[in-house]
Amino acid sequence: MIGEMAKAILVYDTVYNNTELMAKEIEKGMKEAGAEVVVKKALDAKIEDLKEVDAVVLGCPTYYDDLLSSIKWFLTEMRKADLKGRVGAVFGSYGWKAVLEQMYAPMKNIFGMEMVDPSLKKKMTELITEEGKGECREFGKKIGDKIKKK
Ligand SMILES: Cc1cc2nc3c(=O)[nH]c(=O)nc-3n(C[C@H](O)[C@H](O)[C@H](O)COP(=O)(O)O)c2cc1C
């Protein structure tokens, strides 16, 4: 990674924009840590976007105890890229019980990614506070730092 910037893609979806708000703060944190980040909504993301990235960050809110289908689609597409050993991280907004594990588990167990622990879930009410936003930026920094250390 010497002389070259760490590259990452952040793919997310949202209905009420809470997960989008998280994505924006996480992006800021990653950039503060010196990473180059491309942010895309799941339906706009393509498998080619995964070429040469050091990290893939996925964000999805919980609806009906499930992920949004757009994220499930992209996660399934991810099998076409060789992601072994690359950094992975997941986040999302929720109301009472998040299902981030549904993104985390295949990234770790099937794609062999090095996951950032713990994942970041935020209740909608926590996001309007500066503290909540700060935690998202910290999470972004942690991802950026993990890429640099590799
Ligand atoms: C129709 C509907 C179903 C929901 N189902 C769940 C659920 O199963 N579990 C949960 O923790 N939150 C649930 N929520 C709450 C959302 O996850 C929460 O509002 C979240 O902030 C939405 O994120 P978004 O703004 O990125 O779409 C639901 C919300 C709605 C409107």
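Residues numbered from 1 in each chain as written. Predicted model: local features only at pLDDT ≥ 70, side-chain atom pairs only at ≥ 80, totals over all residues.

**Side note on the overall build of the chain**
Link 1 in the chain: Across its full length, the chain carries 5 helices and 6 strands.
Link 2 in the chain: Computed over C-alpha atoms, the radius of gyration of the chain comes to 14 Å, within 12% of the 15 Å expected from 2.2 N^0.38 for 150 residues, which places it in the range of a compact globule.
Link 3 in the chain: Dimensions of the chain, computed from the C-alpha atoms along their principal axes, are close to 40 × 30 × 25 Å.
Link 4 in the chain: In the chain, which comprises 150 residues, the share counted as buried stands at 43%.
Link 5 in the chain: Taking the intrachain contacts of the chain between residues at least 6 apart in sequence as the baseline, contacts between residues at least 24 apart amount to 82%. (Helix = DSSP H or I, 4+ residues; strand = E, 2+ residues; numbered from the N terminus. Rg over C-alpha atoms; globule rule 2.2 N^0.38 Å. Buried ≥ 20, exposed ≤ 12 C-beta atoms within 10 Å, placed from the backbone. Contact = placed C-beta atoms within 7 Å.)

**Brief notes about the site of the ligand**
Link 1 in the chain: The environment of the ligand is formed by 18 residues, the closest being Tyr-16, Asn-18, Thr-19, Pro-61 and Gly-95.
Link 2 in the chain: Classifying every residue of the shell around the ligand by side-chain character gives 9 nonpolar, 7 polar and 2 charged. (Near = placed C-beta within 6 Å. Nonpolar A, V, L, I, M, F, W, Y, C, P; charged D, E, K, R; others polar.)

**Let's talk about the nonpolar core**
Link 1 in the chain: In this structure, Ala-8, Leu-58, Met-103 and Ile-143 are the most contacted members of the largest nonpolar core, which totals 44 residues.
Link 2 in the chain: Counting only elements with at least two residues in this core, the list comes to strand 1 (6-12), helix 1 (18-32), strand 2 (35-41), strand 3 (55-59), helix 2 (69-77), strand 4 (87-94), helix 3 (101-109) and helix 5 (130-149).
Link 3 in the chain: Ranked by residue count, the leading element in this core is strand 1, at 6 residues.
Link 4 in the chain: For Met-103, the residues in contact, after removing those within four places along its chain, are Leu-58, Cys-60, Leu-67, Ile-71, Leu-75 and Val-90. (Core = buried A, V, L, I, M, F, W, Y, C linked by C-beta atoms within 7 Å.)

**Comments concerning the environment of Asp-54**
Link 1 in the chain: Relative to the elements of secondary structure, Asp-54 occurs in the loop between strand 2 and strand 3.
Link 2 in the chain: You can call Asp-54 buried: it has 22 C-beta atoms within 10 Å.
Link 3 in the chain: Separated by 29 residues in sequence, Asp-54 and Leu-83 have C-alpha atoms that sit 8.8 Å apart.

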